[in-house]
Amino acid sequence: MKKPKCPFCKTDIFVVPEAWGAKVGTVLGGSLGLSLAVSRGISMGALIASTATTAFTPPIRILGSSGGAVAGGIAGAVSLILGCSTMGRQIGLEVDEYLLRVFRCNSCGTLIKA
């Protein structure tokens, strides 16, 4: 995408994309990842922990299940939030590139619709 020249100060050196779509996409993707993590992460962690601790005695099995549920929930939450926010950012960058095309001049602060 070619950067436009600022209509006021006539420079194209300090003109940068505003990237509203990427910012919104990152936040929405992270929120989606968080909601998926809350609904699925702890149950998957409990399932993994319960299958991994079947060889131990009942007190250790209970502690392992709860600890595995917490660890699995945290690991699932982090990976889902990062993955979904990255995907949302990429979608937002495409929206910025082809639909919004808003730039800002860092010299004078003018918003430019290209």
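Calculation rules
Residues numbered from 1 in each chain as written. Predicted model: local features only at pLDDT ≥ 70, side-chain atom pairs only at ≥ 80, totals over all residues. Heavy atoms only, no water. Pairing = 2+ DSSP bridges. Helix = DSSP H or I, 4+ residues; strand = E, 2+ residues; numbered from the N terminus. Axes fitted to C-alpha atoms, helices over the stretch in contact; angles between N-to-C directions. Disulfide = S-S within 2.5 Å. Core = buried A, V, L, I, M, F, W, Y, C linked by side-chain atoms within 4.5 Å. Buried < 20%, exposed > 50% of the residue type's maximum accessible area, 1.4 Å probe, protein only. Contact = heavy atoms within 4.5 Å. Lys, Arg positive; Asp, Glu negative; His and termini not counted. Salt bridge = Lys/Arg side-chain N within 4 Å of Asp/Glu carboxyl O. Polar contact = N/O pair within 3.5 Å; in protein donor to acceptor, adjacent residues only side chain to side chain.

Overview of the sheet that holds strand E1 (residues 15-17)
No. 1: Here three strands make up an open sheet; going across it, the order is E1-E2-E3 and the pairing antiparallel. A single partner strand is all that each edge strand has here, and the edge strands are E1 and strand E3 (111-113). Across the sheet, the mean angle separating the axes of adjacent strands is 35 degrees when strand polarity is ignored.
No. 2: As paired strands, strand E2 (residues 102-105) and E3 are joined by three bridges and run antiparallel to one another. Note on E3: the bridge partner recorded for Phe 103 is Ile 112.

A few points about the state of the cysteines
No. 1: Tallied over the full model, the rule gives zero disulfides.
No. 2: For the unlinked cysteine Cys 6, the closest cysteine sulfur is that of Cys 108, found at 3.5 Å.
No. 3: Free cysteine Cys 9: the closest other cysteine sulfur is in Cys 105, separated by 3.5 Å.

Thoughts on the nonpolar core
No. 1: Among the nonpolar cores identified, the biggest contains five residues, and these are Cys 6, Val 15, Phe 103, Cys 105 and Ile 112.
No. 2: Excluding residues that lie within four positions of it along the chain, Ile 112 makes contacts with Pro 4, Lys 5, Cys 6, Pro 7, Val 15, Arg 101, Val 102, Phe 103 and Cys 105.

Quick notes on the side chain of Asp 96
No. 1: Among the secondary structure elements, Asp 96 is positioned in helix H2 (residues 58-100).
No. 2: The buried charged residue Asp 96 lacks any salt bridge partner; its closest oppositely charged side chain belongs to Arg 89, at an N-O distance of 6.8 Å.
No. 3: From its side chain, Asp 96 meets the backbone nitrogen of Gly 21 in a polar contact 2.8 Å long.
No. 4: There is a polar contact of 3.1 Å between the side chain of Asp 96 and the backbone nitrogen of Ala 22.

Here's the deal with the pattern of salt bridges
Once the charged atoms of two side chains with opposite charge are near each other, the side chains can pair.
No. 1: Scanning all chains against the criterion turns up one salt bridge.
No. 2: For the salt bridge of Glu 18 with Arg 104, the shortest nitrogen-to-oxygen distance reads 3.0 Å. Of this pair, Glu 18 sits in the loop between E1 and helix H1 (20-52) while Arg 104 sits in strand E2; the two residues are 86 residues apart in sequence, bridging distant segments of the chain.
No. 3: The class of Arg 104 is partly exposed, set by a relative accessible area of 30%.

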